[in-house]
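The primary structure of each chain is shown beneath.
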Amino acid sequence: MDAVRLIAATRDALARSRTVPDIVAEAWQAQALAEAVGSHLAISGPPEVRTEALGLSEAGSRACGSLHHPALRAGGVRAAQLSMIQDPRGALLDLGGLLGETGVALVGVAVSADEEALYWQCVEAIDAADESGDRVAGILRRLALRERGGVA
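Below or above, wherever it landed, is the structure these notes cover.

How each quantity is defined
- Residue numbers here run from 1 along each chain, matching the order of that chain's written sequence.
- At least 70 in pLDDT is required for a residue's local features to be given in this predicted model, at least 80 for side-chain atom pairs to be given and counted, and no such filter applies to totals for whole chains, interfaces and linings, which use all residues.
- Hydrogens and water molecules were not included; the side-chain quantities draw on all heavy atoms of the structure.
- Note on conventions: DSSP H or I runs of at least 4 residues are helices, E runs of at least 2 residues are strands, and numbering of each starts at the N terminus.
- When accessible area is computed with a 1.4 Å probe and restricted to protein chains, residues below 20% of their type maximum are described as buried, those above 50% as exposed, and intermediate ones as partly exposed.
- The contact rule is simple, with two residues in contact once any of their heavy atoms fall within 4.5 Å.
- Under the convention used here, a 1.4 Å probe and the Shrake-Rupley method define accessible areas, while residue burial counts only the protein chains that appear.
- Positive charges come from Lys and Arg, negative ones from Asp and Glu, while His and the chain ends are left out of the count.
- Charge positions are represented by NZ for Lys, CZ for Arg, CG for Asp and CD for Glu.
- The axes are straight lines fitted to the C-alpha atoms, using for helices just the contacting stretch, and the angles between their N-to-C directions are given from 0 to 180°.
- Throughout, the term roughly parallel applies to angles under 35 degrees, roughly antiparallel to angles over 145, roughly perpendicular to angles from 65 to 115, and oblique to all others.
- Note: crossing handedness is left-handed where the near helix turns anticlockwise from the far helix by less than a right angle, and right-handed where it turns clockwise.
- The nonpolar class holds Ala, Val, Leu, Ile, Met, Phe, Trp, Tyr, Cys and Pro. Asp, Glu, Lys and Arg form the charged class, and all remaining residues, Gly among them, are polar.
- Ring geometry is summarised as follows: Phe, Tyr and Trp rings, the Trp one being its six-membered ring, pair when their centres sit within 6.5 Å, and such pairs are stacked at plane angles under 30 degrees, edge-to-face over 60 and tilted between the two.
- Definition used for salt bridges: Asp or Glu carboxyl oxygen within 4 Å of a side-chain nitrogen of Lys or Arg.
- Here the expected span of a helix is defined as 1.5 Å times the quantity of residues minus one.
- Throughout, the arc means that of the directions going from the helix axis to the C-beta atoms.

Moving on: the overall build of the protein chain. Check the secondary structure of the protein chain and you find five helices and zero strands. Seen in sequence order, the protein chain has helices and strands lined up from the N terminus as α-α-α-α-α. A burial count over the protein chain gives 46% of its 152 residues as buried. Residue pairs in contact within the protein chain that sit at least 24 positions apart in sequence constitute 78% of those at least 6 positions apart. Just so you have it, the protein chain exposes about 7,500 Å², and 54% of that area is on carbon and sulfur atoms. The average position of the 14 basic charges and that of the 20 acidic charges among the side chains of the protein chain differ by 7 Å.

Turning our eyes to something else, we now look at the packing of helix α1 (residues 3-16) against helix α4 (residues 88-112). Between α1 and α4, the least distance of the axes is 9 Å, while the angle of their chain directions is 20 degrees. By the angle class used here, α1 and α4 are roughly parallel. Both α1 and α4 take part in a crossing whose hand is left-handed. Residues A3, V4, I7, T10, R11 and L14 of α1 touch α4, and the partners they reach there are G90, A91, D94, L95, G97, L98, E101, T102 and A105. Here the residues of the contact of α1 with α4 sort into eight nonpolar, four polar and three charged.

Let us now look at the packing of aromatic side chains. Here the structure, examined in full by the defined rule, presents one aromatic pair. When the ring of Y119 is compared with that of W120, the centres are 4.9 Å apart and the planes differ by 85 degrees; the resulting orientation is edge-to-face. For Y119, a relative accessible area of 33% corresponds to the partly exposed category.

Glancing now at the pattern of salt bridges. Applying the stated criterion to the full structure yields six salt bridges. With a shortest N-O distance of 3.1 Å, E48 and R146 are connected by a salt bridge. Here the residue E48 occupies a position in the loop between α2 (20-44) and α3 (50-66), and R146 occupies one in helix α5 (residues 116-147), the gap between them amounting to 98 residues. Here E48 falls in the partly exposed class, since its relative accessible area comes to 32%. On the basis of relative accessibility, which here comes to 41%, the residue R146 falls in the partly exposed class. Salt-bridge contacts for R135 lead to E131; the nearest nitrogen and oxygen are separated by 3.9 Å. Note that R135 and E131 are positioned in helix α5 at a spacing of four residues, about one turn of the helix. Put simply, E52, E131 and R135 are held in one network by salt bridges that share partners.

This part is about α1. Here α1 spans 20 Å end to end across 14 residues, near enough to the 20 Å set by a 1.5 Å rise per residue. Those residues of α1 that sit buried are A3, L6, I7, T10, A13 and L14. The buried side chains of α1 occupy one side of the element, clustering within an arc of 125 degrees when seen end-on. Of the exposed residues in α1, those oriented more than 90 degrees away from the buried face are R5 and R16. Next to the buried residues of α1 lie α2 and α4.

The following block contains the structure:
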């Protein structure tokens, strides 16, 4: 399945999430997508973005470890369905938006957390979403340079 469709499905699921477990599950799904998109671009993306894409994959992977693995109860890992990225720029723009929305949703969970462990889990996940978002922005800059004929 194309990355844009998977990202849209995750954005929709995050927007519909009302409970803490659902929000955390969708945050995990977003980071799994960041890892998958990064891996895909690191292998088959333009040479100018492969190093930064590998960094995105690693950031997404670390983030998935910072959250419990609630994705299985939520119907499986959507990122496992990634088979192509038809529009890398569009997918990265959408992924950046999803990561931003994920951070906002996690802030809401963190400020209302009754348990200290959940609070710190959210703080770590917010940092991870921010790092992944920075990696996405870096890849987009390199793609823009490439399109203008500059050196990345």
